[in-house]
Amino acid sequence: MRPPEIFDRAARRLRRDRIAASYAGHDFLRAAMIEGLVDRLGSVKREFRDILDLGSFGGGLQFPGARITRLDAGRRFAAMSGGVQADEDRLPFADGSFDLIVSAGVLDTVNDLPGALTLARRALRPDGLFLAAFAGAGSLSTLRAALREAEGDRPAPRIHPQIDVRAAGDLLVRAGFALPVADVEILDVRYGSLGRLLDDLRGMGAGNLLAERRAMRRDVLARAAAAFAAKADADGRTTERFAILYLTAWAPSPDQPMPARRGSATASLAAAIGKKN
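Because the structure is a prediction, the values reported are computed rather than measured.

Criteria and cut-off values
Residues numbered from 1 in each chain as written. Predicted model: local features only at pLDDT ≥ 70, side-chain atom pairs only at ≥ 80, totals over all residues. Heavy atoms only, no water. Helix = DSSP H or I, 4+ residues; strand = E, 2+ residues; numbered from the N terminus. Rg over C-alpha atoms; globule rule 2.2 N^0.38 Å. Buried < 20%, exposed > 50% of the residue type's maximum accessible area, 1.4 Å probe, protein only. Contact = heavy atoms within 4.5 Å. Lys, Arg positive; Asp, Glu negative; His and termini not counted. Charge placed at Lys NZ, Arg CZ, Asp CG, Glu CD. Salt bridge = Lys/Arg side-chain N within 4 Å of Asp/Glu carboxyl O. Pairing = 2+ DSSP bridges. Axes fitted to C-alpha atoms, helices over the stretch in contact; angles between N-to-C directions. pLDDT = per-residue confidence, 0-100.

## Description of the overall build of the chain
Within the chain, the secondary structure is distributed over 8 helices and 7 strands. At 19 Å, the chain has a C-alpha radius of gyration in line with the 19 Å of a compact globule built from 277 residues. Looking at the chain as a whole, 47% of its 277 residues qualify as buried. Expressed as a percentage of contacts within the chain between residues at least 6 apart in sequence, the contacts between residues at least 24 apart total 79%. Taking the average place of the 41 positive charges on the side chains of the chain and the average place of its 34 negative ones, the gap between the two points comes to 3 Å.

Structure, rendered in structure tokens:
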């Protein structure tokens, strides 16, 4: 039995195509995710040769000397990164193709996330590493409150479902991963208006992609903007929160090593892995 389609797949692909040319002006959240992934990779004393960048956008993660396969749901992003166009829950790769899969900023809008994680685990070789980051529970709390105030007792579906740390860990276990770890880091961003926040969300491909979404009336938007502005500090800026959820897990292996303690690495991968403009 197929799970329900929460997100509109066609709209997701189309909007990714639309933002491809201007994405670099709105990529701060993914840049923060990549920094966090690099930090976590820094504690892993392993050399990875076959790597999948799952949800590549235009290409950002760099691994000198490795073979990198990139995949994106958007045709233009896939072309920009020299990758493959496909949805993350419909991977076209054979089992055991990679020893590292990295994903930044896409898994929160995948229809079948349990299926996507299972496919990622199968695409890894034994003792292969899976690292992912995406917006989790607690994100966009100010926007959510403003919309609730603007729409009253019958709010339309506008904010995507969000996964918390405990549920993320459970999903990794369900997908068959070993040594699963889920943790969260908070990024607070201050905005001069609701319009600027919505512009960033659209520009990073994080606008409303729900299958049953409805257009927002102008009066609702005006009330939401006023509610958002009412939460501003003395300098006229309102804080919005992004809770970045990180997943770390390994494909099972009979001789599974325990991961090194974070911060114990003698060499940082930060210099070897950078964000490409």
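## Notes on the pattern of salt bridges
Scanning the entire structure with this criterion turns up 23 salt bridges. The partner of R9 in a salt bridge is E5, with the nearest N and O atoms 2.8 Å apart. Here R9 falls in the buried class, since its relative accessible area comes to 13%. Residue classification places E5 among the partly exposed positions, given a relative accessible area of 41%. Its salt-bridge partner being D8, residue R213 comes within 3.3 Å of it at the nearest N-O pair.

## Let's talk about the sheet that holds strand β7 (residues 238-250)
Through backbone hydrogen bonds, the strands of a sheet pair up, either in parallel or in antiparallel fashion. Judged by pairing direction, the sheet is mixed, and its 7 strands sit side by side in the order β3-β2-β1-β4-β5-β7-β6 without closing on themselves. Only two strands of the sheet have a single partner each, and these edge strands are β3 (84-85) and β6 (178-191). As paired elements, strand β1 (residues 50-54) and strand β4 (residues 98-104) share 3 bridges and run parallel to each other. What sits directly across from I51, in β4, is L100. Helix-sheet contacts for helix α2 (residues 28-41) involve β1, β4, β5 (124-135), β6 and β7, and the interaxial angle to β7 is about 35°.

## Quick notes on unusual backbone geometry
Among all residues save glycine, negative phi is the norm, and among peptide bonds the norm is trans. Residues other than glycine seldom take positive phi values, yet F57 does so here, at roughly 50°. Along the chain, F57 turns up in the loop between β1 and β2 (67-72). The backbone of D127 sits at a positive phi, close to 70°, despite the residue not being glycine. Counting through the fold element by element, D127 comes out in strand β5.

## Some thoughts on the confidence of the model for the chain
Summarising the model, the chain shows a mean pLDDT of 91, and 91% of its residues fall at 70 or more. Note that residues 266-277 has pLDDT below 50 and, in this model, 21 contacts with residues that lie over four places away or in other chains.

## Section: the environment of A32
With respect to the helices and strands, the residue A32 is situated in helix α2. Overall, the relative accessible area of 21% leaves A32 in the partly exposed class. For the pair A32 and E185, spaced 153 residues apart in the sequence, the C-alpha separation amounts to 9.8 Å. Residues contacting A32, with those up to four places away along its chain left out, are L187, I244 and Y246.

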